[in-house]
There are 2 protein chains.
Amino acid sequence: MNLKTLARKLQLSQTTVSRALNGYPEVSEATRRRVEEAAREHNYRPNSRAKGLATGRAMVIGHVIPASTQHEMLNPVFGDFVAGASRAYATYGYDMMFTRVDDGDEEQIYHALAAKGSVDGVILQGPRVNDVRIPLLNRIGLPFIVHGRSSGIEENYCWVDVNNKRSFQRATEFLIDLGHKRIALINGLEDMDFAHRRREGYVEALKTAGIEPDPTLMRSAEMTEVYGHHETRAMLKMEEPPTAILAASMISAIGVRRAIDEAGLTLARDVSVITHDDDLSYLRNGSDVPIFTATRSSVQQAGEILSRMLIEKIEQPDAPNRNHMLEAELVVGRSTGPAPETRR
Amino acid sequence: MNLKTLARKLQLSQTTVSRALNGYPEVSEATRRRVEEAAREHNYRPNSRAKGLATGRAMVIGHVIPASTQHEMLNPVFGDFVAGASRAYATYGYDMMFTRVDDGDEEQIYHALAAKGSVDGVILQGPRVNDVRIPLLNRIGLPFIVHGRSSGIEENYCWVDVNNKRSFQRATEFLIDLGHKRIALINGLEDMDFAHRRREGYVEALKTAGIEPDPTLMRSAEMTEVYGHHETRAMLKMEEPPTAILAASMISAIGVRRAIDEAGLTLARDVSVITHDDDLSYLRNGSDVPIFTATRSSVQQAGEILSRMLIEKIEQPDAPNRNHMLEAELVVGRSTGPAPETRR
DNA sequence: GGCGCTTTCCAAAGCGCTTTGGATTTCCCT
DNA sequence: AGGGAAATCCAAAGCGCTTTGGAAAGCGCC
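Criteria and thresholds
- Residues numbered from 1 in each chain as written.
- Chains lettered and ligands numbered in written order.
- Predicted model: local features only at pLDDT ≥ 70, side-chain atom pairs only at ≥ 80, totals over all residues.
- Heavy atoms only, no water.
- Near = heavy atom within 4 Å.
- Polar contact = N/O pair within 3.5 Å; in protein donor to acceptor, adjacent residues only side chain to side chain.
- Helix = DSSP H or I, 4+ residues; strand = E, 2+ residues; numbered from the N terminus.
- Nonpolar A, V, L, I, M, F, W, Y, C, P; charged D, E, K, R; others polar.
- Salt bridge = Lys/Arg side-chain N within 4 Å of Asp/Glu carboxyl O.
- Buried < 20%, exposed > 50% of the residue type's maximum accessible area, 1.4 Å probe, protein only.
- Pairing = 2+ DSSP bridges.
- Axes fitted to C-alpha atoms, helices over the stretch in contact; angles between N-to-C directions.
- Contact = heavy atoms within 4.5 Å.
- Least-squares fit on C-alpha atoms with pLDDT ≥ 70 in both.
- UniProt positions renumbered as here; feature names shortened; annotations may be inferred.
- Parallel < 35°, antiparallel > 145°, perpendicular 65-115°, else oblique.
- Left-handed = near helix turned anticlockwise from the far one by under 90°.
- Buried area = accessible area lost by both parts, 1.4 Å probe.

Undergrad: Mind showing me how you'd approach the protein's contact with DNA strand C here?
TA: Around DNA strand C sit 29 residues, and of these A:S13, A:T15, B:L3, B:S18 and B:R19 come closest. What you see for DNA strand C is that sugar and phosphate hold 60% of its atoms within 4 Å of the protein. Taking A:R19, its side chain carries an N or O atom lying 3.1 Å from a base nitrogen of DNA strand C. Side-chain polar atom of B:Y24 to a phosphate oxygen of DNA strand C: 2.6 Å apart, as the coordinates give it. Among the elements of the structure, α2 (14-21) and α4 (48-55) of chain A together with α2 (14-21) and α4 (48-55) of chain B are those that each provide at least two residues to the surface near DNA strand C. Element by element, the count of residues in the surface near DNA strand C is highest for α4(B), at five residues. The residue inventory of the surface near DNA strand C, partitioned by class, reads eleven nonpolar, 13 polar and five charged.

And the structure:
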């Protein structure tokens, strides 16, 4: 069923039917009702490609997912983020499209998306330090918004980010206040901007407290469970092992915990752990009492805010770029306690 | 840059340029090269909506994601599945589109997708027992493939599934062979087909061994960490607690493990655990030695097979429906041991 | 009754591509 | 040289929608 046959069936012109369905005022309420009725009955929906061609709008938001460095899609954070984003899309009538990109082809892909006109805007996930995609997108002129920021990029762009530096600074201070001096950081990949900032916060808190940051206590990699386990096990075997560990995600914290258990140590008593908690639905930080002391910020909520802002940007291209900083809250759970030395 | 201006620039007709770019033989190699060169130089890409309108193909695969019962998207499995699928899409030139659907609107959504023509086919994720979406899609005539199967649906359809029944049957037998008699099942939601089948396998193994299934040892809910923890804690407080637990996913198994630790018991020695392992990239079951004994089947691989089969179906609509059964392998890790009674 | 205004509708152009049906040129062979 | 096949190109229609620029009808008003 297409417009033409529907119009013929109704003995009306395509124009009138189209206008009736799109809420234009030039059509009487009576015919509008008649048209809507018929549309429902015949299960008519305007062909999205034709509509897009005519309007120049795709009503689709693009997500470009790096493939070989597998961060984004495989990271459990991805699902929650997308769930949040989809909530906003659904209310505004947008669909979301994912395009996989192999490393190095990024410039290509963005050019292609813009030229093909298959999306009205894109969400830039997982920004790195000095991320070239930002100037690229500005140059191309495709509306975009960044989930996170990019240190080193001076250009003006739209972003939503968690205050990663502050939250890890606070977490570190919290441990210092508990008497810890050997505090390890099991960070994400530090070319990722969020990890870069977290490290800054961690280092700054240490320095402020007069503790010299120890490079052997700072690790960086993709935030898997196995990674958390591996690094913790290694560090616990050190001559002066850490008494506290900052982990980058719930998943890696689970690995940290496994290593602590295996070493015959007790969480909180022997080794304190603080993790960042993205508040993932499938991996809640406990039910009533949090398992881990954590810096918490819902990535699902971030997704929703982000996509809403992008849609606003698409619909009002000339509005100035907006930003939104989310503060992570520090929730105290069962994984932290006074430093062992302090106790004696 | 569009076809028209590109053609004008080349002093050629649109027809010739289009044919040159789409590999038709009616154009000389010389002009083809000239055209390709110019297209590259001007960064020309055919507008996907216009192309779609003309060809009747969207080159997009749809994923419909249930929203309120949040299983699919939030489940960490989602990311890995999509990553696998995207690999196939990328090689065949398809994009993937996600549409969020609130409960009850499913019929609507599929009708809309088909009528709007915004996708060439859909992947049906998370089939339930007696899933009405299958007859619906058959009726609508939109190409689709099911990730899993649906018990109770007799219609002919295309699917890829893990042999869930067999794998849980084997896992249960494995525990029985170790002397366990009180074996608990912490299952997923049992209106989901995969969970339904796992339970069948579990029950059948028990009965075959002459063990009467105990309803108090069978739990069912969404497979979160907190759920695994909660049910395990409850069961360990029973008069006759289980000596072995079958968990439905790595995430819930982590919760199971946490409850065992908290109860002061030791994994494998006091309580054995087997889990299903979807081989998620961020949640590998250990590095060299598996953490958990598990039935393992890569969901990423499933995604790839599934999307490839769907594309084949789209490109050859008249080919008969194909199916693909994946066998989960049983990997023995450090979470299982002989039943406590047996040891004395 | 004729004028202007609003209401209601329509024919046709245009979005950017593919594809049909032909036209033109080149080439080879007898 | 002439005829047919092969190679190369093109004009125009069509995909299904929106939107422009009017036209027709209905209305009150002087």
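Undergrad: What am I meant to see in the pattern of salt bridges here?
TA: For side chains of opposite charge, pairing can occur when their charged atoms come near one another. Residues and elements named next belong to chain A. Inspection of every chain in the model, using the stated rule, returns 48 salt bridges over all chains. Two residues, D161 and R149, come together in a salt bridge whose shortest N-O distance is 2.9 Å. Linking D161 in strand β5 (residues 159-162) with R149 in the loop between β4 (144-147) and β5, this pair joins segments that are twelve residues apart in sequence. Both residues of the pair, D161 and R149, count as buried. Linked through salt bridges whose partners overlap, the residues forming this network are E106, R128, D131 and R133.

Undergrad: Any chance you could explain the sheet that holds strand β10 (residues 293-296) of chain B here in plain terms?
TA: Each strand in a sheet pairs with its neighbour through backbone hydrogen bonds, running either in the same direction (parallel) or in the opposite one (antiparallel). All names here are of chain B. An order of β7-β6-β8-β9-β10-β12 is seen for the six strands of this open sheet, with the pairing classed as mixed. Where the open sheet ends on each side, the last strands, each with one partner, are β7 (218-220) and β12 (329-331). Neighbour-to-neighbour, the strand axes of this sheet turn through a mean angle of 15°, independent of strand direction. Across the sheet, helix α11 (residues 225-236) lies against β6 (183-187), β7 and β8 (244-247), angled at about 155° from β6, the strand it touches most.

Undergrad: Can you walk me through the relation of the copies chain B and chain A in this structure?
TA: The transform that puts chain B on chain A rotates by 180° and translates by 0.0 Å along the axis, for an RMSD of 0.1 Å. Between the two chains, the operation in question is that of a two-fold axis. Of the residues that chain B buries at the interface, 100% are likewise interface residues in chain A, meaning the two copies contact each other through the same surface.

Undergrad: I keep staring at the UniProt feature "domain: HTH lacI-type" (unreviewed entry) in chain A and nothing clicks. Help me out?
TA: In this numbering, the UniProt entry assigns the feature "domain: HTH lacI-type" (unreviewed entry) to residues 1-55 of chain A. Here residues 1-55 of chain A is 67% helix and 0% strand, with 20 Å between the C-alpha atoms at its ends.

Undergrad: Would you explain the packing of helix α6 (residues 76-92) of chain A against helix α13 (residues 299-315) of chain A in this entry?
TA: For any two helices packed against each other, the geometry comes down to the angle between their axes and how far apart the axes lie. Residues and elements named next belong to chain A. At their nearest, the axes of α6 and α13 sit 7 Å apart, and the two run at 40° to each other. By the criterion of interaxial angle, the relationship of α6 to α13 is oblique. In terms of crossing hand, the pair formed by α6 and α13 is right-handed. Residues V77, D80, F81, A83, G84, A85, R87, A88, Y89, T91 and Y92 of α6 form the contact with α13, whose participating residues are V299, Q300, A302, G303, E304, L306, S307, R308 and I311. For the contact of α6 with α13, the residue count by class is eleven nonpolar, five polar and four charged.

Undergrad: Would you mind showing me how to read the interface of chain B and chain A here?
TA: Interfaces are often sized by the amount of accessible area the parts lose when they come together. With 59 residues of chain B in contact, the opposing surface of chain A contributes 59 residues. Here chain B meets chain A over a buried area of about 5,200 Å², counting both sides, of which 59% is carbon and sulfur. It is B:R45, B:R49 and B:Y282 in chain B that bury the most area against chain A; as a group they hold 18% of the surface buried on that side. On the surface where chain B and chain A come into contact, there are two salt bridges. With a shortest N-O distance of 3.9 Å, A:D95 and B:K116 are connected by a salt bridge. The biggest single contributor to the side of chain B that touches chain A is helix α6 (residues 76-92) of chain B, with nine residues. Relative to strand β2 (residues 95-101) of chain B, strand β2 (residues 95-101) of chain A is paired through three bridges, and the arrangement is antiparallel. For A:M97, the partnering residue across the bridge sits in β2(B) and is B:M97.

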